Amino acid sequence: MGRSTMSAARVVGAAAAAALVLGVSACGSGSGGNMEAADGFTYWSMWRADEPQSQVLKAAIADFTASTGIKVTADWAGRDVSKKIGPAIAANQAPDLWDQANDAIFGATASAGQALDLSPVLAMRVPGENVPVSKVIPAKYFEMLPKDPSGSNHYMIPYEVATTGMYYNAADPDVAAAMPSAPADWAGLLKVCDTLKGRGKPCIASEGEDPWTNGLYFDYLLNAGGIDVSKLAADKTGAAWDAPAVLAAAQKVEQLVRGGYLIPGYDATKYPAQETNWANGKAAFYMNGSWVTSEVSKQIPATWKFASILPPGVKSPDAALFGFSIPKRAKHADAAEKFIAFFMQKKQMSGMATTALNITPREDIPAPAELADAQKALSGATVRLAYDGVAGDWSPKVLDQNYLDLWHGKITAAQFVAKCRTDQVSYWQARG
């Protein structure tokens, strides 16, 4: 996984969905494909053959075939699988199983009603564990997903979870001195930043040109203030921007900028310059996804100890899912469903933590040590999609440039809110 996976998938998904609308005229076979078990099924994966996730999945496929006699024909297609799935469904050449991020699956198939409802899989028993799949995959991960045209949010079954947060090196003596414990409120975080500043260390590393990762501060602060970004974005009058909690969130972002807490030069460099600086200990915190631990693994010294916090007051951490989906027109859906349930076993899914070094949705599988804090953050009752699932062109048309202007100190929080309000009204007016 990489830093662009969650946002790029929306674009790919939209194109695939268009192909479905143009090319699909039948609902497909649904659950209960017309196959004998020995016939097998086809699987298109988002992972390349040389990636750790594919190694875990290859081992599971071998175990599954040995256990059931069902053969799996796998194509390790890589991330472009999202571009292929829509045309394949339209041509009635879809695989029986595929995997991708939740937003890619929704955009490519589920939003057009072409993903099978996998509720029957949730009712299946996990082999060897005598519990249904629904007992090992928390319902909160489905509850955060948008619903397909039939009202279902069970169009995918996850095996990996990613989240975002403020990552840091807990072994850094400057951080240890400034933050003996996680700050309880925003004033506490600013105090940590002030202490770091006094010790000559920038508080926050930032790839200044990236509105998505930097915007997560605003996203999380809105969540702390009880604001749902999807509702904020959907208000055609722009009046939702007048809520005091919106301005308060923007003002806190402005405090980070005006307080001199961001690493010098952040607004004049390109990725991965500041990520590298952070990995080299030149700044304390770096807002990014849980994949960042893998991105910098070859840059950090052996003494580095990954840890993470969320901005104080956050009610629900964000999450992104990676997992299986079955096209409605799959010819061998039954076998694919059996494999999904098979992979939900602790002994199978554990490889996503131990080999692929990621968090799984099974809370009884410990995350890698570097993601222990991230897993703990996800252990609460609720999770949410980043930016509350806002997709499409709203962010680039309304939020992104205005936010970067705020983040670069070019405008105030009040000006940012006013500009977003105005641009949002224009955005919706242009759509009639």
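Here we summarise the structure given alongside this text.

About the thresholds
Residues numbered from 1 in each chain as written. Predicted model: local features only at pLDDT ≥ 70, side-chain atom pairs only at ≥ 80, totals over all residues. Heavy atoms only, no water. Helix = DSSP H or I, 4+ residues; strand = E, 2+ residues; numbered from the N terminus. Rg over C-alpha atoms; globule rule 2.2 N^0.38 Å. Buried < 20%, exposed > 50% of the residue type's maximum accessible area, 1.4 Å probe, protein only. Contact = heavy atoms within 4.5 Å. Areas by Shrake-Rupley, 256 points an atom, 1.4 Å probe, with all protein chains shown as cover. Lys, Arg positive; Asp, Glu negative; His and termini not counted. Charge placed at Lys NZ, Arg CZ, Asp CG, Glu CD. Phe/Tyr/Trp six-rings, centres within 6.5 Å; stacked < 30°, edge-to-face > 60°. Pairing = 2+ DSSP bridges. Axes fitted to C-alpha atoms, helices over the stretch in contact; angles between N-to-C directions. Arc of directions from axis to C-beta. Disulfide = S-S within 2.5 Å. Salt bridge = Lys/Arg side-chain N within 4 Å of Asp/Glu carboxyl O. Expected span 1.5 Å × (residues − 1). Bend = angle between axes of the 7 residues up to and from the residue. 1 Å grid on protein atoms, 1.4 Å probe; cavity = no way out; pocket = protein on both sides within 12 Å on 5 of 7 lines; lining within 4 Å. Points joined across faces, edges and corners; volume = space filled by probe spheres on them. Nonpolar A, V, L, I, M, F, W, Y, C, P; charged D, E, K, R; others polar.

Notes on the overall build of the protein chain
- Across its full length, the protein chain carries 20 helices and nine strands.
- At 22 Å, the protein chain has a C-alpha radius of gyration in line with the 22 Å of a compact globule built from 432 residues.
- C-alpha extents for the protein chain along the principal axes are approximately 70 × 55 × 35 Å.
- Every one of the 432 residues in the protein chain was classed for burial, and the buried ones make up 55%.
- Sequence separation of at least 24 residues holds for 77% of the intrachain contacts in the protein chain that already meet a minimum separation of 6.
- Carbon and sulfur atoms make up 54% of the accessible area of the protein chain, which amounts to about 16,900 Å² in all.
- Averaged over its 39 positive side-chain charges, the protein chain has a centre that lies 1 Å from the centre of its 42 negative ones.

Digging into the packing of aromatic side chains
- Per the stated rule, a full pass over the model turns up 28 aromatic pairs.
- When the centroid spacing of 5.7 Å and the interplanar angle of 80 degrees are considered together, the rings of Tyr 43 and Trp 76 count as edge-to-face. Note that Tyr 43 is positioned in strand 1 (residues 41-45) and Trp 76 in strand 2 (residues 72-76), a separation of 33 residues in sequence. Residues Tyr 43 and Trp 76 agree in their burial class; the two are buried.
- Pairing Tyr 159 with Phe 343 gives two aromatic rings, centres 5.7 Å apart and planes at 80 degrees, and the pair type is edge-to-face. A residue pair is termed long-range when its members are at least 10 positions apart, and Tyr 159 in strand 4 (residues 157-162) and Phe 343 in helix 15 (residues 333-343) qualify at 184 residues. There is no split in this pair, since Tyr 159 and Phe 343 are both buried.
- Aromatic ring contacts, followed pair by pair, group Phe 41, Tyr 43, Phe 64, Trp 76, Tyr 159, Phe 324, Phe 339, Phe 342 and Phe 343 into a single cluster.

Re the sheet that holds strand 4
- If you trace the five strands from one edge of the open sheet to the other, you get 2-1-3-9-4, paired in mixed fashion. The open sheet is flanked by strand 2 and strand 4, the only strands paired with a single partner. Sheet twist, expressed as the average angle between the axes of neighbouring strands with direction ignored, equals 15 degrees.

Here we look at helix 3 (residues 81-90)
- Among the residues making up helix 3, those that are buried are Val 81, Ser 82, Ile 85, Gly 86, Ala 88 and Ile 89. Axial view of helix 3: buried residues confined to an arc of 165 degrees, hence all on one face.

Let's talk about the state of the cysteines
- Under the defined criterion, the tally for this structure stands at one disulfide.
- Through a disulfide, Cys 193 is tied to Cys 203; the S-S separation comes to 2.2 Å. Disulfide Cys 193-Cys 203: torsion about the S-S bond near -50 degrees, hence left-handed. Here the residue Cys 193 occupies a position in helix 9 (residues 186-198), and Cys 203 occupies one in the loop between helix 9 and strand 6 (204-205), the gap between them amounting to 10 residues. For the residue pair Cys 193 and Cys 203, the accessibility class agrees, reading buried in each case.

Topic: the pattern of salt bridges
- Enumeration according to the criterion identifies 15 salt bridges in this entry.
- A salt bridge links Arg 48 to Asp 50; its shortest N-O distance comes to 3.5 Å.
- Its relative accessible area of 60% is what places Asp 50 among the exposed residues.
- Each of Arg 48, Asp 50, Glu 51 and Arg 79 takes part in salt bridges that share partners, so that together they form one network.

Quick look at the sheet that holds strand 8 (residues 306-309)
- Spatial strand order, 6-7-5-8: four strands in an open sheet with mixed pairing. Either end of the sheet is taken by a strand with one partner, and the two such strands are strand 6 and strand 8.

Points about helix 19 (residues 394-407)
- Taking 1.5 Å as the rise per residue, helix 19 with 14 residues should run 20 Å; its terminal C-alpha atoms sit 19 Å apart, in good agreement.
- The sharpest bend along helix 19 measures roughly 35 degrees and falls at Asp 400.
- Among the residues of helix 19, Trp 394, Ser 395, Val 398, Leu 399, Asn 402, Tyr 403, Leu 404, Asp 405, Leu 406 and Trp 407 are the ones counted as buried.
- Taken together, the buried residues of helix 19 touch helix 10 (211-224), helix 11 (229-234), helix 12 (244-258) and helix 20 (413-429).
- Positive backbone phi, approximately 75 degrees, marks Gly 409, located one or two places after helix 19.

Looking at the pairing of strand 9 (residues 320-325)
- Most of strand 9 is tucked away: six of the six residues are buried.
- Sheet analysis places strand 3 (residues 97-101) next to strand 9, joined by four bridges and oriented antiparallel. Bridging from a neighbouring strand, Trp 98 pairs with Ser 325 of strand 9.
- Here five bridges tie strand 4 to strand 9, and the two strands are oriented antiparallel to one another. Residue Pro 158 lies in a different strand from strand 9, and its bridge partner there is Gly 323.

Here's the deal with empty space enclosed by the protein
- By the definition in use, this model includes one cavity of 30 Å³ or more.
- Put simply, the largest cavity is a space of about 30 Å³.
- If you go around the largest cavity, the residues you meet are Tyr 168, Asn 169, Asp 172, Val 175, Trp 278, Gly 281, Ala 283, Ala 284 and Trp 304.
- Of the residues that constitute the lining of the largest cavity, the class distribution is six nonpolar, two polar and one charged.

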